[in-house]
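If you want the building blocks of each chain, they are given just below.
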Amino acid sequence: MGVAAAGILRANPLGMPIGCQTYPVGRMIAKDFPGTIKVLADAGFERIELCSPVGYADSGFGGLAKYKGPELRGMLGDLGVKCESSHFDIGELRKDQAGRIAWAKDLGLTQMIVPSLDGPRNPTMDDVKRAADEYNKMGEQAAKAGIQQGLHNEGFELSMVDGKRTYDLLLELLDPKLVKFQFQVSTISKGYDAAEYFTKYPGRFFSMHVQGWSSATQKTMAVGQDTLDWPRIFTAAKTGGLKNYFVEMNLDLMKASVPYLRKLQV
């Protein structure tokens, strides 16, 4: 490794490899999985986060089911990327969590994340408690297999209960050992500040989805071309407990985010 390359690795925020979530390129993956991963690797991404071929079959990931875990892992390695995390739909875990854990283990994953607990749009406190209880049990099963169960924040998690954020209630109700959180940075558009959550809940987060956001235009933008304070976010991420992060926007914006992340030192 040359001096320049070593410098780039050291400069990545938190010293972590730059990752991306593959959901935005699902249609490309459906047509050409290896070719798409090569595009991401060539753009500078060293880690990818997949989506389950069962829960995300309609989003372009169904074809991944034809690969056995070691085959898929080897293919990714040959393309210069690693995968330790994937999203799963809560429905597929309800139906066959043991089978999905087996797939995750086969692939070498250490993180299984659901985008949402899929509760009602206007939940009661009992709804939130039921959802948390169910997910704690799922987290327990995953932990027995050596996998950390995680929760993203979409839909149900952004609802309100008795004047309180459902997300805040879930942070209180979910077992800190059994469930970690993956923060969706773009929820700043709804008032959810990544740095505030990382600071308020030390050790509860293990990942984040990175989106640039402009407060001026109220639009998603490339990281570093937006108005978010990324040094503040990544510094707080140390307190939050982050193990990885994944850029998640359209392909052009993801590519355009890499140069800034390569230079950012936190």
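Notes on the structure in this doc start here. What you are looking at is a predicted structure, and each value in this text was computed from that prediction instead of being measured.

**Re the overall build of the protein chain**
Each helix and strand counted, the protein chain has ten helices and twelve strands in total. Compactness check: the protein chain gives a C-alpha radius of gyration of 18 Å against a globular reference of 18 Å for 266 residues, within 12% of the reference. Along the three orthogonal principal directions, the C-alpha set of the protein chain runs to about 55 × 45 × 30 Å. When each of the 266 residues of the protein chain is scored for burial, the buried share is 52%. Across the protein chain, every contact between residues at least 6 apart in sequence was considered, and the portion connecting residues at least 24 apart equals 78%. In the structure as shown, the protein chain presents an accessible area of about 11900 Å², 51% of it carried by carbon and sulfur atoms.

**As for the pattern of salt bridges**
Under the defined criterion, the tally for this structure stands at six salt bridges. One salt bridge in this structure joins Glu92 and Arg100, with 2.8 Å as the shortest N-O distance. Of the two residues, Glu92 and Arg100, neither departs from the other in class, the shared state being buried. Of the charged contacts, one joins Arg130 and Asp127 as a salt bridge, the two residues approaching to 2.5 Å between their closest N and O atoms. Of the two residues, Arg130 and Asp127 are both situated in helix α6 (residues 125-144); the distance of three residues between them amounts to about one turn of the helix. Look at Asp127 and you get buried, because its relative accessible area is 18%.

**Describing the side chain of Gln211**
Mapped onto the fold, Gln211 is located in the loop between β9 (205-210) and β10 (212-214). The exposure class assigned to Gln211 is buried, which follows from its relative accessible area of 4%. Residues in contact with Gln211, not counting those within four places in the same chain, are Gln184, Val185, Ser186, Thr220, Met221, Val223, Leu228, Trp230, Glu248 and Met249.

**Remarks on the packing of α6 against helix α7 (residues 166-173)**
Between α6 and α7, whose axes approach to 10 Å, the crossing angle comes to 45 degrees. With respect to their mutual orientation, α6 and α7 come out oblique. Like other packed secondary-structure pairs, α6 and α7 cross with a definite hand, here right-handed. Two secondary-structure elements touch here, α6 through Met125, Val128, Lys129, Ala132 and Asn136 and α7 through Thr166, Leu169, Leu170 and Leu173. Across the contact of α6 with α7, the residue classes break down as six nonpolar, two polar and one charged.

**Looking at unusual backbone geometry**
Even without a glycine there, the phi angle at Leu14 is positive, about 65 degrees. In this structure, Leu14 sits in the loop between α1 (3-11) and β1 (19-21). The backbone of Gln218 shows a phi angle near 55 degrees, a positive value even though the residue is not glycine. Here Gln218 is to be found in the loop between β10 and β11 (219-221). The exposure class of Gln218 is partly exposed, given its relative accessible area of 47%.

**Overview of the packing of aromatic side chains**
Taken as a whole and assessed by the stated rule, the structure comprises 17 aromatic pairs. Plain terms: the ring middles of Phe88 and Trp103 are 5.8 Å apart, the flat faces sit at 80 degrees to each other, and that makes the pair edge-to-face. Of this pair, Phe88 sits in the loop between β3 (82-87) and α5 (90-107) while Trp103 sits in helix α5, and the two are 15 residues apart along the sequence. Considered together, Phe88 and Trp103 belong to a single accessibility category, that of buried residues. Connected via pairs of aromatic rings, a cluster forms that spans Tyr167, Phe181, Phe183, Tyr192, Tyr197, Phe198, Tyr201 and Phe205. A cation over a ring is seen here: Arg165 above Tyr192, with NZ or CZ 3.9 Å from the ring centre.

**Brief notes about the packing of α5 against α6**
Where α5 meets α6, the axes come as close as 11 Å, and the angle between the chain directions of the two elements is 15 degrees. As far as their axial angle goes, α6 and α5 are roughly parallel. Handedness of the crossing formed by α5 with α6: left-handed. Two secondary-structure elements touch here, α5 through Ile90, Leu93, Arg94, Gln97 and Ile101 and α6 through Glu134, Tyr135, Met138, Gln141 and Ala142. Taken together, the residues of the contact of α5 with α6 break down into six nonpolar, two polar and two charged.

What counts and what doesn't
- Note on numbering: residues in each chain are counted from 1, in written sequence order.
- Local features are withheld for residues below a pLDDT of 70 in this predicted model, meaning they are given only at 70 or higher, and side-chain atom pairs are given and counted only at 80 or more; totals for whole chains, interfaces and linings count all residues.
- Side-chain numbers here rest on the full set of heavy atoms in the structure, without hydrogens or water.
- Secondary structure is summarised from DSSP: a helix means a run of H or I of at least four residues, a strand means a run of E of at least two, and numbering begins at the N terminus for each.
- This radius of gyration counts C-alpha atoms alone. The globule rule is 2.2 Å times how many residues there are, raised to the power 0.38.
- In this scheme, a residue with accessible area under 20% of its type's maximum is buried, one over 50% is exposed, and one in between is partly exposed, where area comes from a 1.4 Å probe on protein chains only.
- Residue contacts are counted whenever heavy atoms from the two residues lie within 4.5 Å of one another.
- Shrake-Rupley sampling with a 1.4 Å probe provides the accessible areas, and residues are treated as covered by the protein chains on show and by no other component.
- Take a side-chain nitrogen of Lys or Arg and a carboxyl oxygen of Asp or Glu: if they are within 4 Å of each other, that pair is a salt bridge.
- Each axis is a line fitted through C-alpha atoms, taken for helices only over the stretch in contact, and angles between the N-to-C directions span 0 to 180 degrees.
- Roughly parallel here means an angle under 35 degrees, roughly antiparallel means over 145, roughly perpendicular means 65 to 115, and every remaining angle is called oblique.
- Here is the rule for handedness: rotate from the far helix to the near one, and if that takes an anticlockwise turn smaller than a right angle the crossing is left-handed, while a clockwise turn gives right-handed.
- Nonpolar residues are Ala, Val, Leu, Ile, Met, Phe, Trp, Tyr, Cys and Pro. Charged residues are Asp, Glu, Lys and Arg, and all others, Gly as well, are polar.
- Paired rings are identified among Phe, Tyr and Trp, the last through its six-membered ring, by centres lying within 6.5 Å, and are further divided according to the angle between planes into stacked (under 30 degrees), edge-to-face (over 60) and tilted (the rest).
- In this scheme, the term charge over a ring applies when either NZ of a lysine or CZ of an arginine sits within 6 Å of the ring centre and within 35 degrees of the ring normal.

All quantities given are derived from atomic positions and should not be read as evidence of function.
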